[in-house]
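These are the residues of each chain, in order.
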Amino acid sequence: MTIRWEAFLEQVQERGEYDTPEQAERSARVVLALLGAHLVGEVRVQLAARLPETLALVLLNPLQAAEPLSPERFVRATAAWIEGATERTALWDIGAVLSTVADAAGDQLMERVLLQLPPGYDVLFGRPSPGDRP
């Protein structure tokens, strides 16, 4: 089931502790554009179907990636695309967006999404694998 635009942004805004919905939307657009460059085929289509239409289009028409980014490089790329962001604030932005995406996707689809991503992305989605704790 698709999450409504307002509900998605409210969750991102709350989790990211943003002052405005516009800040939440900016983060969502950047993070989903970068994520979309890493997903292919039916998994990307199914994930997009769970998102509000505007954000689904961002996921389906991603930025181009020459190679898969490690989680660390994903954080750096996010920081580069969000004006005034640092790696630390980008990590916060990613967590707010991707944890909301994970909730919308559900466990089964998230397992398939994570299989397409380099190791370590589970933490960015707020879903560390068993045994990942320090």
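Please refer to the structure higher up on the page.
Residues numbered from 1 in each chain as written. Predicted model: local features only at pLDDT ≥ 70, side-chain atom pairs only at ≥ 80, totals over all residues. Heavy atoms only, no water.

Some details on the overall build of the chain
For step 1, the next point in the chain: Along its length, the chain carries eight helices and zero strands.
For step 2, the next point in the chain: The helix and strand sequence of the chain, counted from the amino end, reads α-α-α-α-α-α-α-α.
For step 3, the next point in the chain: For the chain, the C-alpha radius of gyration of 13 Å lies close to 14 Å, the compact-globule estimate for 134 residues.
For step 4, the next point in the chain: Judged by the C-alpha coordinates and their principal axes, the chain covers about 35 × 30 × 30 Å. (Helix = DSSP H or I, 4+ residues; strand = E, 2+ residues; numbered from the N terminus. Rg over C-alpha atoms; globule rule 2.2 N^0.38 Å.)

Overview of the side chain of Ser99
For step 1, the next point in the chain: Tracing the backbone shows Ser99 in helix 6 (residues 87-105).
For step 2, the next point in the chain: Owing to a relative accessible area of 16%, Ser99 belongs among the buried residues under this scheme.
For step 3, the next point in the chain: Apart from residues lying up to four places away in sequence, Ser99 is in contact with Arg15, Ile94 and Phe125. (Buried < 20%, exposed > 50% of the residue type's maximum accessible area, 1.4 Å probe, protein only. Contact = heavy atoms within 4.5 Å.)

A word on helix 2 (residues 21-36)
For step 1, the next point in the chain: The end-to-end C-alpha separation of helix 2 is 22 Å, in line with the 22 Å expected for 16 residues at 1.5 Å each.
For step 2, the next point in the chain: Those residues of helix 2 that sit buried are Ala24, Ser27, Ala28, Val30, Val31, Leu32, Ala33, Leu34, Leu35 and Gly36.
For step 3, the next point in the chain: Packed against the buried residues of helix 2 are helix 1 (5-16), helix 3 (41-49), helix 4 (53-60), helix 5 (71-81) and helix 6. (Expected span 1.5 Å × (residues − 1).)

A word on the environment of Asp19
For step 1, the next point in the chain: Its place among the elements puts Asp19 in the loop between helix 1 and helix 2.
For step 2, the next point in the chain: Sequence spacing of Asp19 and Leu55 is 36 residues, and the spatial spacing of their C-alpha atoms is 20 Å.

Examining the packing of helix 2 against helix 4
For step 1, the next point in the chain: At a minimum axis separation of 7 Å, helix 2 and helix 4 run at an interaxial angle of 40°. Judged on the interaxial angle alone, helix 4 and helix 2 are oblique. The residues of helix 4 that touch helix 2, namely those facing Ala28, Arg29, Leu32, Ala33, Leu35 and Gly36, are Thr54, Leu55, Val58 and Leu59.
For step 2, the next point in the chain: Grouping the constituent residues of the contact of helix 2 with helix 4 by class yields seven nonpolar, two polar and one charged. (Axes fitted to C-alpha atoms, helices over the stretch in contact; angles between N-to-C directions. Parallel < 35°, antiparallel > 145°, perpendicular 65-115°, else oblique. Nonpolar A, V, L, I, M, F, W, Y, C, P; charged D, E, K, R; others polar.)

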